[in-house]
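# Summary of structural features
Here is how the chains run, residue by residue.
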Number of protein chains: 2
Amino acid sequence: MPILSASDALKTILEAVHPQGTIAVSLERGLGYALAENVISEEDIPPFDNSAMDGYAFRHDDILHLPVVLRLVAEIGAGTYPEVTLKSGEAVSIMTGARIPQGCDAVVQREWTEPEGKDKVRILRSAPPGHNVRRRGDDIAKGNEVLQRGCVLRPQEIGVLASLGRTQVTIFRPPSVALLTTGDEIVAIDQPLAESKVRNSNAYALRALVEELGCDVRDLGIARDDREELSRKIEDGLSSDVLITSGGVSVGRYDLVKDTVEELGVSIMFWKVNIKPGMPLLFGMAGERPVFGLPGNPVSSMVTFVKFVRPALLKMLGHKNVEPRPTLRAKLEESIQKADGKRHFLRGILDSGGGALTVRLTGPQSSHILTSMVKANCLVIIPEDVTHADVGDTVEVELL
Amino acid sequence: MPILSASDALKTILEAVHPQGTIAVSLERGLGYALAENVISEEDIPPFDNSAMDGYAFRHDDILHLPVVLRLVAEIGAGTYPEVTLKSGEAVSIMTGARIPQGCDAVVQREWTEPEGKDKVRILRSAPPGHNVRRRGDDIAKGNEVLQRGCVLRPQEIGVLASLGRTQVTIFRPPSVALLTTGDEIVAIDQPLAESKVRNSNAYALRALVEELGCDVRDLGIARDDREELSRKIEDGLSSDVLITSGGVSVGRYDLVKDTVEELGVSIMFWKVNIKPGMPLLFGMAGERPVFGLPGNPVSSMVTFVKFVRPALLKMLGHKNVEPRPTLRAKLEESIQKADGKRHFLRGILDSGGGALTVRLTGPQSSHILTSMVKANCLVIIPEDVTHADVGDTVEVELL
């Protein structure tokens, strides 16, 4: 099988995966997920003309010549229904948010008035028609499409849905994700660390990456480099909507993961991508269920997740925008050499101080240096055909 | 009490609030929170020299003249302890991640070799000392400070902590936040909307904003404009670490919230800020517990939350960086007029297409237009002393 370019690999993945149904959840639970429905308003918001200020409402025709004294016929608090219909020469005292009575078409704030006896008010400053009146339907008109399918629910969208009286929303069903770490050298983090072993940090970093997207994680633990154990755990993992393995990066071991996955009916779409870190990256489909075989090095597994698995999960979650995060252009503060023809994703520190964006590397870029990801706030992308970049050259960076 | 500037108001808030203790949580639960401890490594990571490649390990002195044939004395898989100590003329077959035996100081990948009979290998290409050797402690050296108090735990920090065998971490205890909406005109969103009433959307938008920060929310529901009911609910709210009310924005009603809060022993620090939207913004302290009285308009409550409450919660959560999100500078696509001497936070749409950052407004900026927050991806900040900005002028924007 040929080695795919990063862009072809991503294209293959995004063509293969799809949302798997929708689910109704309570409005609060919808935060961070993508809507699976178009939301049409069945009402006007605000539902009635109301006052933007504490003050006095009246007919604009009555205040053409100032100052003028109007007779107070009612006091209208927020939440009350004004029974009056205003006649010429009359005004009502009105509070912010209160419904404006019939016949009124302008409001002046209290500061622009003076009391005149007990039941009159002197208007001192003019106000054009509609002044301080919040019109019915100003925010949302009945019948309008307020939110579109695929829109991600932030606090403001949650607020708008609440204002429409929506207690439930339909979102794309978040896929369940099974995680499996493979390798004889891996031990659980709560176990003593025997000679020549390393801890299963990938399970934690990958779990966090998946959970940030709002998907539930099932941690299958560690499979040793043993065909039977691997087969049993992978089969278990295929009962989730998505299976992500990490490890088995060696030539021989990788075949073990690949062969086992294939034996279990997974159709393998590719297993090498022309990138660094992360060249051995397996992607296959078990029916509608994607399977990702990530490399075992901690940096490689995180970077390949961000570049390839996250877009897949976002597409399954119904997001419109599933591509990796927006890229910026920054000036390099050090030179970079490479000769392998791969697309490199280097860990970088982007700095916006001093006006222009600049970026430097975090230090050694070997894929076992997980602290490089801790220092990094971005990935520096060096395309396949670039062999070197000098100090001051402009490079593409992707925020982490 | 004088009207404070936005910066003085924020300063007052940040001087008053502090983290309220720490709590140990399981590593997975730590995602998104700030560490309340400095993490020093008790070991080297990786804990032993290991191979970066599938290949052959040997003494570099043996391959000074190529090609050379070395005798294979062992095959070392990942996770196994190599018993051999290499002598001159010998090599071992080694897998990625496997521990490098004593005596070896370089590894060449399998592709640069040829088998020579059953138990020998021909090395075809040279490799400098240390080639493909991942040194013990390369990532983290024993005794080093790996993560600092105040550092926010992203997936990569979670991964690093797992690699150190940390099953628990100490974070700053997330404050509990009580939410109360006030006003006779407000009804719960699952209730029929009577004449002249509006739905309690603030409870949902504010809940989402608080939950995004990782704090638990207790929704106290709605208090009518009734001193006794307000007092009872506010007293209940003061048993949480933070109380946020919204509404009561009218002159008379605002006094009701202010007086009730004061009666209950809250020391009021300010209640007017020279901003738009959101001028009536109350901040007080009940002992160590902050109380925020936000305006009731949906846009005003969200904007004042983002500008004043979020920094307070972030400080209580132990974040080092609590100031509002980083600002960018963009070119205005429309002109802006203002004459009120306030600092304005306008809802804007930032566009980075075409190289330069440009920003336009979302449309009408009245504080009851919640859909302006839905259209917005940023706030455009117009300082107090600016009376107009023209097309093409550079303005400060803050990403939402």
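None of these values were measured; they are calculated from a predicted model. (Residues numbered from 1 in each chain as written. Chains lettered and ligands numbered in written order. Predicted model: local features only at pLDDT ≥ 70, side-chain atom pairs only at ≥ 80, totals over all residues.)

Across its full length, chain A carries seven helices and 28 strands. A compact globule built from 400 residues should have a C-alpha radius of gyration of about 21 Å, whereas chain A, at 31 Å, is more than 25% larger. Projecting the C-alpha coordinates of chain A onto the three principal axes gives extents of approximately 95 × 50 × 40 Å. The 400 residues of chain A split such that 46% are buried. (Helix = DSSP H or I, 4+ residues; strand = E, 2+ residues; numbered from the N terminus. Rg over C-alpha atoms; globule rule 2.2 N^0.38 Å. Buried ≥ 20, exposed ≤ 12 C-beta atoms within 10 Å, placed from the backbone.)

Quick look at the domain arrangement of chain A now. When its domains are assigned, chain A resolves into domain 1 (6-21 + 174-316), domain 2 (22-45 + 138-172), domain 3 (50-134) and domain 4 (327-399). The centre of domain 3 of chain A, based on its C-alpha atoms, is set 63 Å off from the matching centre of domain 4 of chain A. (Domains from an automatic or database assignment.)

With that settled, consider the environment of Arg173(A). All names here are of chain A. If you trace the backbone, Arg-173 turns up in the loop between strand 12 (168-172) and strand 13 (177-182). Look at Arg-173 and you get partly exposed, because 18 C-beta atoms sit within 10 Å. It is 44 Å that separates the C-alpha atoms of Arg-173 and Met-53, two residues lying 120 residues apart in sequence. Once residues within four sequence positions are removed from consideration, Arg-173 is found in contact with Gln-20, Gly-21, Thr-22 and Ile-23. (Contact = placed C-beta atoms within 7 Å.)

Turning our attention to the nonpolar core. Formed by 168 residues in total, the largest nonpolar core has its most connected members in Ile158(A), Leu179(A), Ile244(A), Ile158(B), Leu179(B) and Ile244(B). Dropping the residues within four chain positions of it, Ile244(A) is found in contact with Val177(A), Leu179(A), Leu206(A), Phe292(A), Leu294(A) and Val309(A). (Core = buried A, V, L, I, M, F, W, Y, C linked by C-beta atoms within 7 Å.)

It is worth spelling out the sheet that holds strand 18 (residues 267-270) of chain A at this point. All names here are of chain A. Read across the open sheet, the six strands follow the order 16-13-17-21-20-18; overall the sheet is mixed. The two strands at the open ends of the sheet, each matched to only one other strand, are strand 16 (217-223) and strand 18. Shown here is a sheet whose adjacent strand axes are inclined to one another by a mean of 20°, direction ignored. Where strand 13 lies against strand 16, five bridges are found, and the strand directions are parallel. Looking at the pairing, Thr-181 lines up with Ile-222 of strand 16. Contacts from helix 1 (residues 6-16) reach strand 18, strand 20 (282-286) and strand 21 (289-294), with the element oriented near 145° to strand 18. Helix 4 (residues 227-237) contacts strand 13, strand 16 and strand 17 (242-246) of the sheet and is inclined by roughly 175° relative to strand 16. (Pairing = 2+ DSSP bridges. Axes fitted to C-alpha atoms, helices over the stretch in contact; angles between N-to-C directions.)

Buried within helix 4 of chain A are the following residues: Leu230(A), Lys233(A), Ile234(A) and Gly237(A). Considered in projection along helix 4 of chain A, the buried side chains sweep an arc of 100° and stay on one side of the axis. (Arc of directions from axis to C-beta.)

Each α-helix winds once per 3.6 residues, and so residues spaced three or four apart point in a common direction. Taking 1.5 Å per residue as the helical rise, helix 3 (residues 201-212) of chain B with its twelve residues ought to reach 16 Å, and the 17 Å between its terminal C-alpha atoms agrees with that figure. Most of helix 3 of chain B sits inside the fold, with ten of its twelve residues counted as buried. The complete set of buried residues in helix 3 of chain B reads Ser201(B), Asn202(B), Ala203(B), Tyr204(B), Ala205(B), Leu206(B), Arg207(B), Ala208(B), Leu209(B) and Val210(B). If you follow the buried residues of helix 3 of chain B, they end up packed against helix 2 (155-163) of chain A together with strand 13 (177-182), strand 15 (198-199), strand 16 (217-223), strand 17 (242-246) and helix 6 (298-316) of chain B. (Expected span 1.5 Å × (residues − 1).)

All names here are of chain A. By the alternation rule, side chains of strand 9 (residues 120-123) split into Val-121 and Ile-123, which are all buried, and Lys-120 and Arg-122, of which none is buried. The pairing of strand 8 (residues 113-116) with strand 9 spans four bridges and is antiparallel. In the strand pairing of strand 9, Glu-116 is matched with Lys-120. Hairpin connection of strand 8 to strand 9: three residues between the antiparallel strands, including Gly-117 at a positive phi of 70°.

It is worth spelling out the packing of helix 2 of chain A against helix 3 of chain B at this point. Following both chains from N to C, one finds helix 2 of chain A and helix 3 of chain B inclined at 160°, their axes separated by 7 Å at the closest point. By the criterion of interaxial angle, the relationship of helix 2 of chain A to helix 3 of chain B is roughly antiparallel. Note that helix 2 of chain A runs across helix 3 of chain B; the crossing there is right-handed. Of the residues in helix 3 of chain B, those in contact with Pro155(A), Gln156(A), Ile158(A), Gly159(A), Ala162(A) and Ser163(A) of helix 2 of chain A are Ser201(B), Tyr204(B), Ala205(B), Ala208(B), Leu209(B) and Glu212(B). Here the contact of helix 2 of chain A with helix 3 of chain B is composed, by residue class, of seven nonpolar, four polar and one charged. (Parallel < 35°, antiparallel > 145°, perpendicular 65-115°, else oblique. Left-handed = near helix turned anticlockwise from the far one by under 90°. Nonpolar A, V, L, I, M, F, W, Y, C, P; charged D, E, K, R; others polar.)

Residue and element names in this part refer to chain A. Across the sheet, six strands lie side by side as 7-4-6-5-9-8; this open sheet has mixed pairing. A strand with exactly one partner marks an edge of an open sheet, and here the two such strands are strand 7 (106-109) and strand 8. Across the sheet, the axes of successive neighbouring strands diverge by a mean angle of 40°, strand direction being ignored.

Taken together, a rotation about one axis and a shift along it account for how the two chain copies relate. You can overlay chain B on chain A at an RMSD of 0.0 Å; the transform is a turn of 180° with a shift of 0.0 Å along its axis. Here the transformation between the copies is reduced to the relation of a two-fold axis. Ranked by how close their C-alpha atoms come to the rotation axis, the residues of chain B are headed by Glu212(B), at 5.5 Å. An overlap of 98% is found between the interface residues of chain B and their copies at the interface of chain A, pointing to a shared contact surface. (Least-squares fit on C-alpha atoms with pLDDT ≥ 70 in both.)

Residues and elements named next belong to chain B. Between helix 3 and helix 6, whose axes approach to 10 Å, the crossing angle comes to 20°. Viewed along their axes, helix 3 and helix 6 adopt a mutual orientation that is roughly parallel. Taken as a pair, helix 3 and helix 6 cross one another with a handedness that is right-handed. Facing Ser-201, Asn-202, Ala-205, Leu-206 and Leu-209 of helix 3, the residues of helix 6 in contact are Pro-298, Ser-301, Met-302 and Phe-305.

Right, let's get into the interface of chain B and chain A. Note on interface size: it is often stated as the accessible area lost on association of the parts. Counting residues at the interface gives 65 residues for chain B, matched by 64 residues for chain A. Of all the secondary structure elements, the ones that give two or more residues to the side of chain B that touches chain A are helix 2 (155-163), strand 15, helix 3, helix 6 and helix 7 (371-375) of chain B. For the side of chain B that touches chain A, the class distribution of residues is 29 nonpolar, 19 polar and 17 charged.

Right, let's talk about the environment of Leu213(B) for a bit. Residues and elements named next belong to chain B. Locating Leu-213 in the fold gives a position in the loop between helix 3 and strand 16. Judged by the 18 C-beta atoms lying within 10 Å of it, Leu-213 is partly exposed. Put simply, Leu-213 and Glu-43 are 170 residues apart on the chain and 33 Å apart in space, counted from C-alpha to C-alpha. Ignoring any residue separated from it by four or fewer positions in sequence, one finds Leu-213 in contact with Arg-310, Leu-313, Leu-314 and Leu-317.

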